[in-house]
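One letter stands for each residue in the lines below.
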Amino acid sequence: MKNPFHVMLIPTLGCPSKCSYCWSSEEGSPIMSIETIREVVAWLKNFREDRVTFTFHGGEPLLAGPEFYRQALPLLSQELHHLNPEFAMQTNLWRMTPEIAQILAEYHVPLGSSIDGPREINDLQRGNGYFEKTMRGYEIAKAQGLNVRFICTFTNQSVKSREEIFNFFLTNGFTLKLHPALPSLRSENPKQWALDPEEYGELLVYLLDKSLEHLHDMDIMNINDLCRCVFTRQGNVCTFVNCMGNTFAVGPDGGIYPCYRFVGMPEYVMGNVYDHPSRQDLEKSDAWKLMHQFRQYVDKACGECQHIKYCRGGCPYNAIAPTAGVIQGVDPHCVAYKRIFDEITYRLNKEMFDSPMMEMGFTSQPMKRKKPGVMSLMHKMVSG
Ligand code: SF4
Ligand code: SF4
């Protein structure tokens, strides 16, 4: 059970919201049948022995309705109990009802939702009424004891209000996870909202400072993850590991893709759960081979970079989807990754070098400093 894997289940690509920068929803998308879940079970029974996490993603997964989850969760959990399945869901919460919340609570499903800051900023980019509908769903989920975290998408517009957005998360006691708006390949003007990589890098440095300033009152997931990467010299979130072979997504019709981001793009189908493919079968697909070629490309293109061990060229979707599957470069967010990894490395080295304990050897205790630094953040994470 050494190599956990991740299966994202995409019950539909449909979504009741119309966020301006969305790149993943599709009108009229069918809803996954419970039969397809049965086939997921049959496919995974002998696929591998490792621990599995299922994430219900979309589109909007709650469109599948309560009956789907009432049947899907026990099927996956009981029939695959030898894989110790865990569950998660990414949802805008609009269709949350006490009934669905109860079912999800029974299986301890943590929820990720999306809110881009205070109502005005959020609704400007996600559409009028979004904020209220999501908050209503949040209250229902909370009332059933569900754990909800919010992802905040920063666009090239909202990044100008970063202080206001940060304060919104801080005063509401929300953990912050940020997401840069990607070019929407389904839009006529793909870059209209996309966050420029340089701006993304500066935003990460700003949030690093905010994270240290509010060390004990707030968590910023990305900053924690990035610091952990540098400190342990190992990637720990999908962007910074070789996701290939350990992450799969299943679309509404049972099609198997390398990740939810590719669902609905026929050229990235690797197989179908109805055929119960083995890993060797999936390896024969063009999509698998392309992802593998990307990894080989990264070994060369990033070979001189001091961060390659824990960055691994970033996200393959970001690198190859905008160029229609032609490998022309690594993840365009490289600029941002370099900026923040350089900054964390510099601060870490400086703090260690400046530490009076250096003369006596390394200590796991944080230094008594006037201002907390990245070592204080590491210490906070290690001590839980
Ligand atoms: S393709 Fe990108 S988003 Fe998908 S699992 Fe890999 S790194 Fe993560
Ligand atoms: S920071 Fe850029 S060059 Fe370095 S490993 Fe990551 S993607 Fe490659």
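The structure this text deals with has already been given above.
The rules behind these values
- Residues numbered from 1 in each chain as written.
- Chains lettered and ligands numbered in written order.
- Predicted model: local features only at pLDDT ≥ 70, side-chain atom pairs only at ≥ 80, totals over all residues.
- Near = placed C-beta within 6 Å.
- Helix = DSSP H or I, 4+ residues; strand = E, 2+ residues; numbered from the N terminus.
- Nonpolar A, V, L, I, M, F, W, Y, C, P; charged D, E, K, R; others polar.
- Core = buried A, V, L, I, M, F, W, Y, C linked by C-beta atoms within 7 Å.
- Buried ≥ 20, exposed ≤ 12 C-beta atoms within 10 Å, placed from the backbone.
- Contact = placed C-beta atoms within 7 Å.
- Arc of directions from axis to C-beta.
- Pairing = 2+ DSSP bridges.
- Expected span 1.5 Å × (residues − 1).
- Axes fitted to C-alpha atoms, helices over the stretch in contact; angles between N-to-C directions.
- Parallel < 35°, antiparallel > 145°, perpendicular 65-115°, else oblique.

A.B. asks: Run through the site of ligand 2, naming residues and quoting values.
C.D. replies: Around ligand 2, the structure places Cys302, Cys305, His307, Ile308, Cys311, Gly313, Gly314, Val330, Asp331, Cys334, Tyr337 and Lys338. Elements supplying a minimum of two residues to the shell around ligand 2: α11 (308–311) and α13 (334–354). When residues of the shell around ligand 2 are assigned to their parent elements, the largest contribution, three residues, is made by α13. For the shell around ligand 2, the per-class residue count stands at seven nonpolar, three polar and two charged.

A.B. asks: Please set out the nonpolar core residue by residue, giving values where relevant.
C.D. replies: Proteins that are soluble and globular tend to have nonpolar side chains buried together. Counting 102 residues, the largest nonpolar core has Ala249 and Val250 as its most contacted members. When residues in this core are grouped by element, the largest group, six residues, is from α13. For Val250, the contacting residues outside a window of four places in its chain are Val7, Leu9, Ile10, Val40, Ile256 and Val273.

A.B. asks: Just give me the short version of helix α3 (residues 98–106), but keep the residues and values in it.
C.D. replies: By the burial criterion, the buried members of α3 are Ile100, Ala101, Ile103 and Leu104. Buried residues of α3 fall within an arc of 160° about the axis and therefore sit on the same side. Each element contacted by the buried residues of α3 is listed here: α2 (65–79), β3 (86–90) and α5 (130–143). Positive backbone phi, at 50°, marks His108, one or two positions downstream of α3.

A.B. asks: Explain the site of ligand 1 to me, and be specific about the residues and the numbers.
C.D. replies: Taken together, Cys238, Thr239, Cys243, Thr247, Cys259, Arg261, Cys315, Pro316 and Tyr317 make up all the residues around ligand 1. Broken down by class, the residue content of the shell around ligand 1 amounts to six nonpolar, two polar and one charged.

A.B. asks: For the sheet that holds strand β9 (residues 271–272), give the residues involved together with the corresponding values.
C.D. replies: If you trace the nine strands from one edge of the open sheet to the other, you get β6-β5-β4-β3-β2-β1-β7-β8-β9, paired in mixed fashion. What marks the edges here is a single partner per strand, and that holds for β6 (176–180) and β9. Pairing of strand β4 (residues 111–114) with strand β5 (residues 148–154), which is carried by four bridges, proceeds in the parallel orientation. What sits directly across from Ser114, in β5, is Ile151.

A.B. asks: Any details on helix α1 (residues 34–45)? Residues and values, ideally.
C.D. replies: The first and last C-alpha atoms of α1 sit 17 Å apart over 12 residues, in line with the 16 Å expected at 1.5 Å per residue. Of the positions making up α1, those classed as buried are Thr36, Ile37, Val40, Trp43 and Leu44. All buried residues of α1 project into a common sector of 115° when viewed along the axis, lining one side. Exposed and facing more than 90 degrees away from the buried side of α1 are Glu35 and Lys45. Those residues of α1 that are buried are in contact with α2 and β7 (247–250).

A.B. asks: Which residues make up the packing of helix α8 (residues 221–232) against helix α14 (residues 374–382), and what are the values?
C.D. replies: Packing of α8 against α14 brings their axes to within 10 Å, and their N-to-C directions diverge by 100°. By the angle between their directions, the pair α8 and α14 is classed as roughly perpendicular. Mapping the contact onto sequence places Asn224, Cys227, Arg228 and Phe231 in α8 and Val374, Leu377, Met378 and Met381 in α14.

A.B. asks: Requested: an account of the pairing of strand β1 (residues 5–9), with residues and values cited.
C.D. replies: Of the pairings in the sheet, the one linking β1 to strand β2 (residues 52–56) comprises five bridges and is parallel in character. Each residue of the ladder has a partner; that of Val7, found in β2, is Phe54. When β1 meets β7, the two strands line up parallel, connected through four bridges. Paired with Met8 across the two strands is Ala249, which belongs to β7.

A.B. asks: Account for unusual backbone geometry, naming residues and giving values.
C.D. replies: Each neighbour pair has its own omega, and for Gly58 with Gly59 the value is 10°, a cis peptide bond. Tracing the chain through its elements places Gly59 in the loop between β2 and α2. Despite not being glycine, Leu93 shows a phi value in the positive range, around 75°. On the secondary structure map, Leu93 appears in the loop between β3 and α3.

A.B. asks: Pulling in residues and values, what's your account of the environment of Val41?
C.D. replies: Relative to the assigned elements, Val41 resides in helix α1. Taking the number of C-beta atoms within 10 Å as the measure of exposure, Val41 has 16 and is therefore partly exposed. Sequence-wise, Val41 and Glu67 are 26 residues apart; in three dimensions their C-alpha atoms are separated by 18 Å. Residues within four places of Val41 in sequence aside, it is in contact with Leu75, Leu76, Glu79 and Leu80.

A.B. asks: Kindly report on the packing of α2 against α3, identifying the contributing residues and their values.
C.D. replies: At a minimum axis separation of 9 Å, α2 and α3 run at an interaxial angle of 10°. Accordingly, the angle class assigned to the pair α2 and α3 is roughly parallel. Each of Pro66, Tyr69, Arg70 and Leu73 in α2 lies in contact with α3, whose residues at this interface are Glu99, Ile100, Ile103 and Leu104. Here the residues of the contact of α2 with α3 are counted per class, giving six nonpolar, no polar and two charged.

A.B. asks: Give me the lowdown on the environment of Gly201, citing residues and values where you can.
C.D. replies: With respect to the element layout, Gly201 can be found in helix α7 (residues 197–213). Assessed through the 23 C-beta atoms surrounding it within 10 Å, Gly201 is described here as buried. Contact partners of Gly201, with chain neighbours within four places excluded, come to Val335, Ala336, Arg339 and Ile340.

Don't take any of this as a statement about function, it's just geometry.
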